[in-house]
Amino acid sequence: MVLNFLALAMAAVHPSVTIDLQAQTLDRAVQQLSTATGLGLSVSRQLANEVVVVKVKDVSPDELLAKLAKATGGQWTSVSGGQRLDLDPEVERKEKADALAERTAFLKGKIDSLVDEFKKNPKFDNEKFNRDMEAMRQELGQGRDNQNQGRMMAGMRQMEAAMSGTPGGRAIVQCLMGLRAEDLAKIGPGQRVVFTSSPTQMQKPLGATANGVMRNFLQEQASMAPPQDRSDRFRGDRAQAPVPQAQNQQANNVDVNPAKSFLIVTRFGQSDSLNLQYIVANSQGAILGNGNMMLGMQLPDVPADAAKADAKEKPYEFSALARSAAKVLGAGGRGMGQAIYFTQSLGADVVLTGAPDREAAVKPAEDLMKLLRDPATNEPLSLYSAAAVEASVSGQNLIALLPDVLLAETAPAVNGNKTVSQLQHSLTADWGLVTDPADGWTLVTPKRFLEARLSRVDRGALKLLIDMVAKKGSARLDDIAVYTTKSPALGSGGLDLALIRALDPASGQSVAQVYGTNRDMLIMWANMGPTTRSNLANGKTYQVNSIGTNGTSLLADMVYNSIDGPQVQLPNQGQTNRAQNNRGVPYLSNLPVIGATFQAEAFVVTQDVPIPQVTRAPGGPGGPGGPGGPGGRGFGGGRGMFGGNMMTERTEVLPNGVSGSSILAMRANSQAIAKGVVDNTNQSRILTAQGMASERAFSEMPNGPRRGNRGDNIVWSGYVPGQRTTYQFLFSMTPNITLSRSLEDTNIDPGAKAVAFDRLPQAFMDQYNEAYKMMKDRSQQMAERMQTDEQARGRRRGQGGGGKPPA
């Protein structure tokens, strides 16, 4: 820190500083501090977007700057014209080390607990497992029926314990005994890491005991009694082949000799918990059995007694604007998980949303809307989050570094009539903050300093996106892609989506993909440039390493870490896929390939778009196929948690990484859409003909799925016609291995007026009527199946339904 030589000069010119800065970005705060102290102060780009509150009275400039550096993890360095606040590399190094140590300790504690329980029960006990499952069902049922959060959380924790008692869970525990907790802790957000008994370059070793664990797992799974209730969704193990009876296996031509075991570990987002899948396959890659469990399931705690209000305390009074903002932004600011999306197979359209729509039913006041439209000038955290933090601390001098997650985390407290003591409890127990009171100062900082910084939304980039939505009438693909390149590395769609949804819920549907499985594809689209996009639309193909910056690494991330991995065509599957594909696109067949472990004489590949012969670059190193990026749920070809064939496992078929010479082709198609609106509200949603038809069909089901929880029974007062263009991409990495992705560009004329349903284009109406007839039949069949399942379980779910489109 370079302050000592300035101390005397500052003391002579400015003996003390008094300043009250509301929540704002650090670059703006430092400009005001520069004026107040008479010093030439600035801040580096790494820290400029941090959000701080500074409230001090009669303090020396050197003490103020030292405290500010401490609170932000920075250091002051000499530059031309004064001092600049830079990120302190030693603080950053320590943050990373502390975060890794914390995660390691957390996971080690969970593993040690599982190992202790395993040692107490060295043999699988089917009766104990069934008792544990029944206790869990009862706990969950009581919590659901009585709306008791404590019982629900207890049931979820019992589920975690019960899953570790399955044969698959026990195999996972044995595998964890041979792995280091630190290696698991190093798995980054969104990464998918594969441990196996015989690893490829893209896999990691499972340990010396892997074969013994594999044999024991198959024996235990063979002894596991089948569930009495066929609809039991909580059983984590699945036997894929008739393991117990050899004669049946031979009759079915199934090789039951295990060849390779897999432990697939996935970390979703920033959560410390890990999803683990254990899979055993035979020499042909057929799955003999698998199981899964969560390691360190993170569930919200029930409010503790310490958070109860003192009878003498009165609720803290927040301003009317703060309460209004918290109501509008709170529901939409908790990330992707807070929006309830309902997806239909026809076109994969998002046709229903949950909490954000309900909060937007009453249009925000114009003064609040004006503030939300310019987050670069009007700091969103200043609306109510900063006030909640300030009410929670005491002391004359305060510097608080506010993470973006506070937009959602503080909202319930603002409208919940909380007292000061309750707010103080929430500060550390719920909001993820720590306080450092000393020498008349109070510093407030996030517990996880580094993650908070990497989750910070760029206010300038967000304002530009909001401006483009207002100008163009909808969130357009090009603007979303540009914003994706500026969006936070560890973002999950909190503060930015909350603002977009508050201003235009329909655009929130489109912007939400920034943090979904298409994130890498959006960045690639932004890097392409208009000429490359035009050439692709006209049938030209490109090698991935020639498409913008980091094209190969983006493809590798999609291949190895995404939920939807590559499509691998196995032998004798050509006829099946040919029957399923009615789009008249060409097929290639009899293309030889040899996998890393599982071998086959011939593979066939289907192509969503024709790819002409292209001269590929010779040799060269494979792409960076290591983990690192969003997504990562399934295994193999992304065909689901259970089933499939391990010959399609991405780290098997692409054992040396992704080549930059992989070929990309694209095609585009357009369809009519409509933006549903409700008069005198901020309610809006993008709808397709198929989506509207399916929503109507499901709303008419007498006992439809989740009807009681599906939202707000919206009745649209009008529809604004529009168009959606879908760009379908096909990456060809080998003749039999492809990866498909799609991006959507929604175009709503900003000057168009809403019309009645029957005034929509005739082509749209024809698609709607045809889809409704088909979905009506499907929904009726689904209702009958669900009613049968409910009767078998002896329960009855609640009723309800989404809004009903016009007939």
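Chains are numbered independently. Their residues run from 1 in the order of the written sequence. Per-residue local features of the predicted model are confined to residues with pLDDT of at least 70, and side-chain atom pairs are confined, for both listing and counting, to 80 or more; whole-chain, interface and lining totals are unaffected and use all residues. Side-chain metrics in this entry use all non-hydrogen atoms of the structure; hydrogen atoms and water are not considered.

Peer 1: Outline the overall build of the chain, supporting the account with residue identities and numerical values.
Peer 2: Within the chain, the secondary structure is distributed over 29 helices and 24 strands. For the exposure calls, accessible area comes from a 1.4 Å probe over protein chains only, and a residue counts as buried if that area is under 20% of its type's maximum, exposed if over 50%, partly exposed in between. Scored against the burial criterion, the 807 residues of the chain give a buried share of 51%. By sequence separation, contacts in the chain at least 24 residues apart represent 76% of the contacts at least 6 residues apart. A run of DSSP states H or I qualifies as a helix once it reaches four residues; a run of E qualifies as a strand once it reaches two. Both are numbered from the N-terminal end. Any two residues whose heavy atoms approach within 4.5 Å are treated as being in contact.

Peer 1: Requested: an account of helix α25 (residues 551–561), with residues and values cited.
Peer 2: Of all 11 residues in α25, 10 are buried, a share of seventy percent or more. All of the buried residues in α25 are Gly551, Thr552, Leu554, Leu555, Ala556, Asp557, Met558, Val559, Tyr560 and Asn561. Packing partners of the buried residues in α25 comprise β6 (192–196), α23 (519–528), α27 (650–653), β23 (718–734) and β24 (737–748).

Peer 1: Any chance you could break down the pattern of salt bridges for me, citing the residues and the numbers?
Peer 2: We define a salt bridge as a side-chain nitrogen of Lys or Arg found within 4 Å of a carboxyl oxygen belonging to Asp or Glu. Applying the stated criterion to the full structure yields 31 salt bridges. The partner of Asp20 in a salt bridge is Lys55, with the nearest N and O atoms 2.4 Å apart. Taken as a pair, Asp20 in strand β1 (residues 17–25) and Lys55 in strand β3 (residues 51–59) lie far apart in primary sequence, 35 residues in all. The residue Glu390 makes a salt bridge to Lys55 at a minimum N-O spacing of 3.7 Å. A residue pair is termed long-range when its members are at least 10 positions apart, and Glu390 in helix α14 (residues 385–392) and Lys55 in strand β3 qualify at 335 residues. The class of Glu390 is partly exposed, set by a relative accessible area of 23%. For Lys55, a relative accessible area of 16% corresponds to the buried category.

Peer 1: Which residues make up the pairing of strand β10 (residues 274–282), and what values go with them?
Peer 2: Counting buried residues in β10 gives nine out of nine residues, a clear majority hidden from the surface. Burial along β10 is two-sided: Leu274, Leu276, Tyr278, Val280 and Asn282 and Asn275, Gln277, Ile279 and Ala281, pointing in opposite directions, are all buried. When DSSP finds two or more bridges between two strands, those strands count as paired. In this structure, strand β9 (residues 258–266) lies alongside β10, joined through eight bridges in antiparallel fashion. Its bridge partner being in β10, Pro258 is matched across the sheet by Asn282. Here β10 runs beside strand β11 (residues 287–295); their pairing, made up of eight bridges, is antiparallel. Among the inter-strand pairings, Gln277 is bridged to a residue of β11, identified as Asn292. Two successive antiparallel strands, β10 and β11, enclose a turn made up of four residues, where Gly285 displays a positive phi of approximately 90 degrees.

Peer 1: Run through unusual backbone geometry, naming residues and quoting values.
Peer 2: Located in the positive-phi region is Asp439, a residue other than glycine, with phi close to 55 degrees. Summarising the element assignment, Asp439 is placed in the loop between β15 (433–438) and β16 (441–446). With a phi close to 65 degrees, Asn680 is a non-glycine residue in the positive phi region.

Peer 1: Outline the nonpolar core, supporting the account with residue identities and numerical values.
Peer 2: The set of buried Ala, Val, Leu, Ile, Met, Phe, Trp, Tyr and Cys residues whose side-chain atoms join them within 4.5 Å is what this entry labels a nonpolar core. Counting residues in each nonpolar core, the largest one holds 87 residues, and the members touching the most others are Leu329, Tyr384, Leu402, Met524, Phe729 and Phe731. A per-element tally of this core places helix α21 (residues 495–503) first, with seven residues. Membership of the second largest hydrophobic core comes to 42 residues, among which are Leu140, Met224, Leu276 and Met297.

Peer 1: Describe the sheet that holds β3, listing the residues and the values that go with them.
Peer 2: Across the sheet, five strands lie side by side as β1-β3-β14-β16-β15; this open sheet has mixed pairing. Two strands lie at the open edges of the sheet, namely β1 and β15, each paired on one side alone. Each adjacent strand pair in this sheet contributes to an overall mean axis angle of 10 degrees, direction not counted. The pairing of β15 with β16 spans six bridges and is classified as antiparallel. The partner of Pro437 across the bridge, within β16, is Thr442. Structural elements are reduced to axes, namely lines fitted to C-alpha atoms, with helices fitted over the stretch in contact, and the angle between N-to-C directions of any two is expressed from 0 to 180 degrees.

Peer 1: Before we move on, could you go through the sheet that holds strand β4 (residues 74–79) and cite the residues and values that matter?
Peer 2: Pairing within the open sheet is mixed, and its three strands lie in the order β2-β5-β4. The open sheet terminates on both sides in strands that have one partner only, identified here as β2 (41–43) and β4. Here the average twist between neighbouring strands, direction ignored, is 30 degrees. Pairing geometry for β2 and strand β5 (residues 82–87), over three bridges, is parallel. Paired with Leu41 across the two strands is Gln83, which belongs to β5. Sitting on the sheet, helix α2 (residues 26–37) is in contact with β2 and β5, with an inclination near 170 degrees to β2.

Peer 1: Before we move on, can you summarise the packing of helix α19 (residues 459–472) against α21 with the specific residues and values?
Peer 2: Where α19 meets α21, the axes come as close as 11 Å, and the angle between the chain directions of the two elements is 25 degrees. One element, α19, and the other, α21, form an angle in the roughly parallel class. Judged by the twist between their axes, the crossing of α19 over α21 is right-handed. Touching Arg459, Leu462, Leu465 and Ile466 of α19 are Leu495, Asp496, Leu499, Ile500 and Leu503, all from α21. For the contact of α19 with α21, the residue count by class is seven nonpolar, no polar and two charged. Orientation is classified from the angle alone, with under 35 degrees giving roughly parallel, over 145 giving roughly antiparallel, 65 to 115 giving roughly perpendicular, and any other angle giving oblique. Handedness of a crossing follows from how the near helix is turned relative to the far one, being left-handed for an anticlockwise turn of less than a right angle and right-handed for a clockwise one. Residues were grouped as follows: Ala, Val, Leu, Ile, Met, Phe, Trp, Tyr, Cys and Pro as nonpolar; Asp, Glu, Lys and Arg as charged; and all remaining residues, including Gly, as polar.

Peer 1: Provide a residue-level description of the pairing of strand β22 (residues 684–688), including the pertinent values.
Peer 2: Among the five residues that make up β22, five are buried, leaving the element largely enclosed by the rest of the structure. Burial along β22 is two-sided: Ser684, Ile686 and Thr688 facing one way and Arg685 and Leu687 facing the other are all buried. Note that strand β21 (residues 663–677) and β22 share five bridges and pair antiparallel. Counterpart to Ala674 in the pairing with β22 is Leu687. Turn length for the β21-β22 hairpin, with the two strands adjacent in sequence and antiparallel, is six residues, and the turn residue Asn680 shows positive phi of about 65 degrees.

Peer 1: Describe the side chain of Arg192, with residues and values.
Peer 2: Locating Arg192 in the fold gives a position in strand β6. Judged by relative accessible area, Arg192 falls into the buried class, the value being 3%.

Peer 1: Tell me about the packing of aromatic side chains, and please be specific about residues and values.
Peer 2: Think of it this way: a Phe, Tyr or Trp ring, Trp meaning its six-membered ring, pairs with another when their centres are within 6.5 Å, and the plane angle makes it stacked under 30 degrees, edge-to-face over 60, tilted otherwise. Counting across every chain of the model gives seven aromatic pairs. Here, over-ring charges are defined by two tests on the NZ atom of lysine or the CZ atom of arginine: distance to the ring centre within 6 Å, and angle to the ring normal within 35 degrees. Here the guanidinium or amino end of Lys540 rests over the ring plane of Tyr542, the centre of that ring lying 5.3 Å away. Taking NZ or CZ as reference, Arg696 lies 3.8 Å from the ring centre of Tyr772, over its face.

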